[in-house]
Amino acid sequence: MKRAIITVLILSVFALFLSYAQSPWERIAEKPPTLFMEQGESEFTTQSFRLTLVDAAQVVKRLSPLSDTSFDYTPGDRINQRDRDGLYHLGDINITIKKEGEKGWRRYSSAEKRKPVKKLPVNYNTIAAADLSATLPDGIPVRVTRYWETEAGSLILRFQITNISSDSIEIGSLGIPMIFNNILEGKNLNEAHRDNVFFDPYIGMDAGYLQVNRLHGKGGSLLVLPHQNAAFEAYNPLNDDPTPKGVVFEGFHEWLIHSKANAETEWKGVDPWNEPTSTLLAPGKMKNFSLKFVLAPSIREIEDKLMQEERPVAMGFPGYVLPMNETGKLFVRYSQKIDQIAVYPENALTITYKGETPNGWSKYEIKGNKWGRARLSIKYKDNTLQTISYKVIKSQEQVVDDLGNFLTTTQWYENSKDPFGRSPSVMNYDYEKKEILTQERRSWFVGLSDEAGAGSWLAAVMKQLVQPDKNEVKKIKRFLNETLWGGIQHAADSTKYGVRKSLFYYEPEMMPAGTYSDSIRFRGWEAWSIKNAEDLGRSYNYPHVAAAHWVMYHLGRNRGYDDIDWKSSLENAYHTAIAMIKFAPWYAQFGQMEGSVFLYILLDLQLEGFTDMASNLETEMKKRADHWNSLEYPFGSEMPWDSTGQEEVYMWTSYFGYKDKADVTLNAILAYMPTLPHWGYNGSARRYWDFVYGGKMARIERQLHHYGSGLNSIPVLSAYRDNPDDFYLLRVGHAGSMGPLANITQDGFAPAAFHSYPSTLEIDGYAGDYGSGFYGYAVNSSTYVYHHPEFGWIAFSGNIIEEDDWIKTEITTAGKNRIFIAPELLKIKTVSGQINQVNYNPVAREVRIVFEGDAQFDITVPGNHKILTSVENTKNEKGYYEMKSKKGKDSIFCFKIEENK
């Protein structure tokens, strides 16, 4: 008997070992096929789509736009792998119910244990219909009937739910899985951009929708819309689907029409985006729930298509991250009148009606009153409900001031006995424990290099470019001189300027007893050895260091910090860029996060007359750009797909005149960087694996305003300034640039990102790789003045007042150092000093700049224009205009714009 038990235990352990040794796809393959595909398939054509259904299940095998029937929005290329119980397909349904008066909820899914469905007769607009009872668990007290229909040429998915019990039934959760092809596994970049899609939700109740974009950003955009009783209440991950998740697959989500059951169970204690609801069905009663599938001609035309479909449309300017000192504008259009507007939490926002535009948009002014998330609910006369999610923050200036203070005090690490030489520095931080992170099982988190390790000190350095503070700069100088130079970055010999992967490493045999925490399980590749930590070959570490030197150059050269050797700082920035190519040639073939800093360094070398260095840097960077120009999709990465190399690739391909590749890059960015009436998704560049590599809660999950938002705003706004009539670029780019400020806490802590899972909806607990995103804000934040033909004068990061012929704009960015007046293609940039206000007269083409005290600045107009000013000899020896104030008062610079004759 004992031997038999031992044998069983051995076999059980062996079986467990084999299960772990297998790949996820191999484990899935062990299950029997249950879609019964041998029973055939049926193909249907609608106005916009070619739809293929599996006959036995009547779920989607293929959904193609008629404009390109070789393309499939769904993962039909893997249907033979995913033909198993528990794997979702478009057409499935999840329902959680209970009898009235019961306490516990019961969940049922059409994907859990499949059987052939019972086909039902069809009529003129129904192309397929089925009773799903056979494929739903026994004992379910409702009957679910599914219809695939057309209406006015559009494709409709309708579920009819009937209470077949003698009790009233409450539907507490009703989810329709959104299964589109975001599985990138096994695809190279060319194949992924040909075959795959990304999708983002506007979780806006009856006005909500899901947009599905091809990776290359071209062609039509598939929109999933509420059609009947299908408000987009929540967006829930389908973590029970065994399709393997990771860097090549974010996972699937379901469109939740009702979410009360979720809110009472797995989301308990979390404040959801929308108020959770349910439906009560009396015995014998039924209700229909349906979605519509339509195609917008392009990403930029999504809102036009929504209006064509008679959906409520909202446009908020400058966006939905709302500083308290800025007045936002909201324009709403729908065929029905607005019945009432509510704000949650109460008084979090003030909304003021400002009339109608010529084409019937209702205009409102929005003011933020309370820090934190806020929901605007608009109820129309036909009971349609639209919700818009805002994030109210302090003024940009105050947020950045809080950030700098938190980084250089709370996150400031001073420990002369640190065995890894990390003192003094700005370290990663655990906000939940309220302590500096000195040890972590993932070595790079605490090694002051790589993104998660360098993120905090990089943010502290970049903050000084925007808003320098004497005490903070003093600490930053110590960090650069005592820890970065000679520590993170080699300071001598043949490896001078090389940047190592980490100062922290795991070598218990080498280090004194007690060096490493007993509570941390250091294991595997994550516990870097000293050899691994000293590796100079990861190119992504170099831009952080180059940016630090470059900021010191600007502080010494332009911001009055005479104790900083600006020439040496600029030279160090140059040598760091060259060292990346020398010591990390393989990774350097890719675009780098913050790689735009190399272009900024080049421009400053040219400005300062450092001709040899400028020429050499330009030559080396052109080799990289030439390589990108040879590729169809030039933004590869160490990851199979990424959203961070596009920043540098766009900037260099634009600089060298490779317009085709710049356009390819920009279109790809727009595919994963949406504009939606929701602060979390608006301008939020897609990233879904860096909570694993840079966060505390390590899971695969769509991150909201990860550092990709700030970085990708750089190329988008650069493209906008070259195309000032492209209002869409301005909206997306500015939203991305505000992403780095959106998640900063009231006391100044900056997290890796915001968790989008409805079970969390909170910032991550680690600072992680935040700094790369703040780099995007620091080099890119600007005030934009734009005149819209429908909405009038609008300021992005500014407050506009119209007086007679003058457009007066208060500057509200943290640095108050850049403004772009779109009608004139006019750029104003200070290198020292701040701009309080810019007044522009479009009739006389006159401009008045009001500076706060002294200022050095540059003015750029198109080549066929010039500026005229009455002030003589206003440019200094560095080529900048210069203003001196009297007795600390504001100084005013006036000029007029004229065409060259």
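The notes below deal with the structure included here. Bear in mind that the values here come from a model prediction, so they are computed numbers and not experimental data.

1. Notes on the overall build of the chain
For step 1, the next point in the chain: Helices and strands together make up the secondary structure of the chain, namely 19 helices and 41 strands.
For step 2, the next point in the chain: Whereas a compact globule of 901 residues would reach a radius of gyration of roughly 29 Å, the chain reaches 29 Å, a difference of no more than 12%.
For step 3, the next point in the chain: Across its three principal axes, the chain shows a C-alpha extent of roughly 85 × 80 × 50 Å.
For step 4, the next point in the chain: Taken across its 901 residues, the chain has 62% of its residues classed as buried.
For step 5, the next point in the chain: Look at the contacts in the chain between residues 6 or more apart in sequence, and 67% of them connect residues 24 or more apart.
For step 6, the next point in the chain: Accessible surface computed for the chain: about 34100 Å², of which carbon and sulfur atoms make up 47%.
For step 7, the next point in the chain: Put simply, the chain has 100 plus and 111 minus side-chain charges, and the middle of one group is 2 Å from the middle of the other.

2. Looking at the packing of aromatic side chains
For step 1, the next point in the chain: Counted by the stated rule, this structure contains 64 aromatic pairs.
For step 2, the next point in the chain: For the pair Trp641 and Tyr672, a centre-to-centre distance of 5.5 Å together with 85 degrees between the ring planes defines the contact as edge-to-face. Of this pair, Trp641 sits in the loop between helix 13 (611-629) and helix 14 (645-655) while Tyr672 is found in helix 15 (residues 659-672), placing the two residues 31 residues apart along the sequence. In this pair, the class of Trp641 matches that of Tyr672, namely buried.
For step 3, the next point in the chain: Considering the side-chain rings of Trp793 and Tyr840, the 6.1 Å spacing of their centres and the 75 degrees angle between planes classify their relative orientation as edge-to-face. Of the two residues, Trp793 is situated in strand 33 (residues 792-796) and Tyr840 in strand 37 (residues 826-841); the sequence distance between them amounts to 47 residues. Taken individually, Trp793 and Tyr840 each receive the classification buried, so the pair is uniform in this respect.
For step 4, the next point in the chain: Between the NZ or CZ atom of Lys391 and the centre of the ring of Trp679, over which it lies, the distance is 5.1 Å.
For step 5, the next point in the chain: Above the face of the Trp528 ring, Lys501 is positioned so that its terminal group lies 4.2 Å from the ring centre.

3. Structural notes on the environment of Met552
For step 1, the next point in the chain: You can see Met552 is positioned in helix 10 (residues 542-558).
For step 2, the next point in the chain: Taking the C-alpha atoms as reference points, Met552 and Ser568, 16 residues apart in sequence, are found 9.4 Å from one another.
For step 3, the next point in the chain: In this view, Met552 contacts Ile476, Lys477, Leu480, Ile564 and Ser569; residues no more than four positions away in its chain are not counted.

4. Examining the sheet that holds strand 2 (residues 49-54)
For step 1, the next point in the chain: The three strands are arranged 1-2-3 in an open sheet whose pairing can be described as antiparallel. Every other strand in the sheet has two partners, leaving strand 1 (41-45) and strand 3 (60-65) as the edge strands with one partner each. Going across the sheet, the axis of each strand differs from the next one's by a mean of 10 degrees, ignoring polarity.
For step 2, the next point in the chain: Bridging between strand 2 and strand 3 involves five bridges; their strand directions are antiparallel.

5. A look at the pairing of strand 12 (residues 209-214)
For step 1, the next point in the chain: Among the six residues in strand 12, six count as buried, and that is most of the element.
For step 2, the next point in the chain: Here strand 12 shows a buried face lined by Tyr209, Gln211 and Asn213 and a second buried face lined by Leu210, Val212 and Arg214.
For step 3, the next point in the chain: Strand direction decides the pairing type here: strand 11 (residues 197-202) and strand 12, joined by six bridges, are antiparallel. When the sheet's bridge partners are listed, Val197 is paired in strand 12 with Arg214.
For step 4, the next point in the chain: Hairpin remark: strand 12 followed by strand 13 (residues 221-228), antiparallel, with six residues in the connecting loop; positive phi at Gly217, about 80 degrees.

How each quantity is defined
- Position numbers for residues count from 1 along each chain, tracking the sequence in the order it is written.
- Per-residue local features are limited, in this predicted model, to residues with pLDDT of at least 70; the limit for side-chain atom pairs, both in listing and counting, is 80 or more; totals at the level of whole chains, interfaces and linings are taken over all residues.
- Excluded from the side-chain calculation are hydrogens and water; included are all heavy atoms of the structure.
- Helix and strand assignments come from DSSP, with helices taken as H or I runs of at least 4 residues and strands as E runs of at least 2, each series counted from the N terminus.
- Computation of the radius of gyration draws on C-alpha atoms alone. For the globule rule, the value is 2.2 Å times the number of residues to the power 0.38.
- When a residue's accessible area, from a 1.4 Å probe over protein chains only, is under 20% of the maximum for its type it is buried; when over 50% it is exposed; and in between it is partly exposed.
- Residue contacts follow a heavy-atom distance rule, with two residues in contact if any of their heavy atoms lie within 4.5 Å.
- Only the protein chains shown count as covering a residue, and every accessible area follows the Shrake-Rupley method with a 1.4 Å probe.
- The charge count includes Lys and Arg as positive and Asp and Glu as negative, but it does not include His or the ends of the chains.
- In plain terms, the charge of a residue is placed at NZ if it is Lys, CZ if Arg, CG if Asp and CD if Glu.
- Centre distance within 6.5 Å is the pairing criterion for rings of Phe, Tyr and Trp, where only the six-membered ring of Trp is used; planes under 30 degrees apart are then read as stacked, over 60 as edge-to-face, and the remainder as tilted.
- A ring is considered to have a charge above it if a Lys NZ or an Arg CZ atom is located within 6 Å of its centre and within 35 degrees of its normal.
- Paired strands are those between which DSSP finds at least two bridges.
- Axes, fitted as lines to C-alpha atoms, cover a helix only where it is in contact. Angles between the N-to-C directions of the axes lie from 0 to 180 degrees.

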